[in-house]
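# Structural characterization, general
This is what each chain is made of:
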Amino acid sequence: MKKEIEGLRKRIDEIDDSILSLLEERLSIVRKVGKFKAEKDVAMYDPLREQDILKRLTSATSLDQSFVMRVFREIISFCRGDEQRIERKDVGGGKTARKTSSSVAVLGPAGTFTENAAKKIFGDAKVTYCENVEDIFKLVEDGQVEQGVVAMENSLEGSVGKTMEALMEYNTSIVGELTLDINLCLMTRKGTDKIDLILSHPHALAQCAGYLKENYPKARQVSAKSTAQAMKDLSSYENAAAIGFKEGAKTYGLNIVAENIQDDFSQTRFIVISKEKVFGGKTSLIFAVKDEPGALYSILKTFADKGINLTKIESRPSKRKLGEYLFFLDFENVELTEKEIGRVVESVKPKTTFLKILGSY
């Protein structure tokens with residue numbers, strides 16, 4: 001029996017070595033692609049290509065699809081970051097072209113979850129830090145940055161209201177998305193041995209409510225604009241701690257008291273916004289229905305009749321008048337062309353008082 005186990009373990013080691021070798025080979029090919037793009041001045045980030053890869057892989061295996069997507073999103077993200085570091089130089093006749101890094105706006109200051117997501121998507125892109133979500137959308141709409149990354153929803157706290165409102169208000173499009181596992185940590189300044197106050201973003205405080213109640217029931221909770229702002233502002237407080245993500249502790253020179261303090265497994269979905277539009281396997285839109293019986297049902301039936309899978313539907317007050325609601329809807333369109341999606345949207349327009357396509361990505 002011992003020999004059999006040792007033989008199986010040896011085979012596992014051989015498989016791991018093969019996986020590692022193939023990952024190295026994949027990275028070397030990605031670098032060649034990056035060099036070609038640099039020479040041809042082609043955009044590095046191609047969300048359609050990423051969607052195609054994930055769709056092909058998840059349909060070609062019996063493994064859990066969410067597991068496959070998590071693994072390959074991490075691989076793709078790492079390879080993209082390496083690809084972004086290639087500089088466009090010595091291109092054609094000794095000319096030097098611009099660097100590949102794009103400009104991206106994120107919620108600041110340095111060390112936010114949003115910045116972490118942006119780095120996973122764009123590698124070494126030039127980052128502009130904004131005080132709030134609206135400023136990110138403004139910079140993208142005005143063309144001052146090429147892309148923006150914002151949090152869309154959290155698996156525990158739901159959708160981010162400010163992001164949803166900005167999607168409706170600003171002339172931008174969703175062109176990509178990334179889902180990250182959230183590891184919230186409790187951190188303090190060096191030398192802190194007592195915690196009377198805990199500072200963080202309201203969503204982070206809510207996600208850790210059970211932990212805080214059990215371990216720091218008497219500590220006062222103070223809201224901050226972001227987890228990074230909480231870490232940055234910690235120097236202004238005595239006997240205080242901040243809740244943020246692990247990498248931020250190094251940025252602000254803090255000690256990690258405890259990791260993974262969120263009450264449940266947590267993920268946040270981030271979206272990439274741009275002035276440019278793309279076409280991918282998912283489409284998001286927002287609409288308001290007419291005040292008549294069966295109005296919402298009629299719209300949803302249109303999608304059902306065409307065999308379109310709705311992956312999300314959420315209602316929010318329109319803020320225009322009492323009793324009027326806006327509906328945010330995501331649907332899969334992997335089997336449909338861009339023209340077919342356009343026809344579907346046009347067919348539901350007469351049943352709405354307002355409709356806007358937020359992006360197809």
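Right above here is the structure, for reference.
Please read all numbers here as calculations on a predicted model, not as lab measurements. (Residues numbered from 1 in each chain as written. Predicted model: local features only at pLDDT ≥ 70, side-chain atom pairs only at ≥ 80, totals over all residues. Heavy atoms only, no water.)

## Comments concerning the overall build of the protein chain
For the protein chain, the count of helices and strands is twelve helices and 15 strands. In the protein chain, which comprises 361 residues, the proportion classed as buried is 44%. Here the analysis covers contacts within the protein chain between residues at least 6 apart in sequence; of these, 73% occur between residues at least 24 apart. With the model as given, the accessible surface of the protein chain reaches about 19900 Å², and the carbon-plus-sulfur share is 51%. (Helix = DSSP H or I, 4+ residues; strand = E, 2+ residues; numbered from the N terminus. Buried < 20%, exposed > 50% of the residue type's maximum accessible area, 1.4 Å probe, protein only. Contact = heavy atoms within 4.5 Å. Areas by Shrake-Rupley, 256 points an atom, 1.4 Å probe, with all protein chains shown as cover.)

## Description of the side chain of Thr283
On the secondary structure map, Thr283 appears in strand β12 (residues 282-289). A distance of 3.1 Å separates polar atoms of two side chains, one belonging to Thr283 and the other to Ser360. Each residue touching Thr283, except ones within four places of it in the same chain, is listed here: Leu329, Asp330, Phe331, Asn333, Ile341, Ile357, Gly359 and Ser360. (Polar contact = N/O pair within 3.5 Å; in protein donor to acceptor, adjacent residues only side chain to side chain.)

## Description of the packing of aromatic side chains
A full pass over the atoms with the stated rule returns five aromatic pairs. For the pair Tyr211 and Tyr216, a centre-to-centre distance of 6.3 Å together with 55 degrees between the ring planes defines the contact as tilted. Tyr216 shares its class with Tyr211; the two are buried. (Phe/Tyr/Trp six-rings, centres within 6.5 Å; stacked < 30°, edge-to-face > 60°.)

## Considering a nonpolar patch on the surface
Taken together, the side chains of Ile15, Ile19, Leu20 and Leu23 define a hydrophobic patch exposed on the protein surface, amounting to about 330 Å² of accessible area. Within the secondary structure, Leu20 sits in helix α1 (residues 2-40). (Patch = residues over 30% accessible without salt bridge, like charges linked within 9 Å, V, L, I, M, F, W, Y side chains within 5 Å. Salt bridge = Lys/Arg side-chain N within 4 Å of Asp/Glu carboxyl O.)

## Examining the sheet that holds strand β14 (residues 325-332)
With respect to topology, four strands assemble into an open sheet ordered β13-β14-β12-β15, the strand pairing being antiparallel. Each edge of the open sheet is held by one strand with a lone partner, namely β13 (310-317) and β15 (352-360). Taking the axes of each pair of neighbouring strands and ignoring which way they run, one obtains an average angle of 15 degrees across the sheet. Pairing analysis gives seven bridges linking β12 to β14, with the strands arranged antiparallel. (Pairing = 2+ DSSP bridges. Axes fitted to C-alpha atoms, helices over the stretch in contact; angles between N-to-C directions.)

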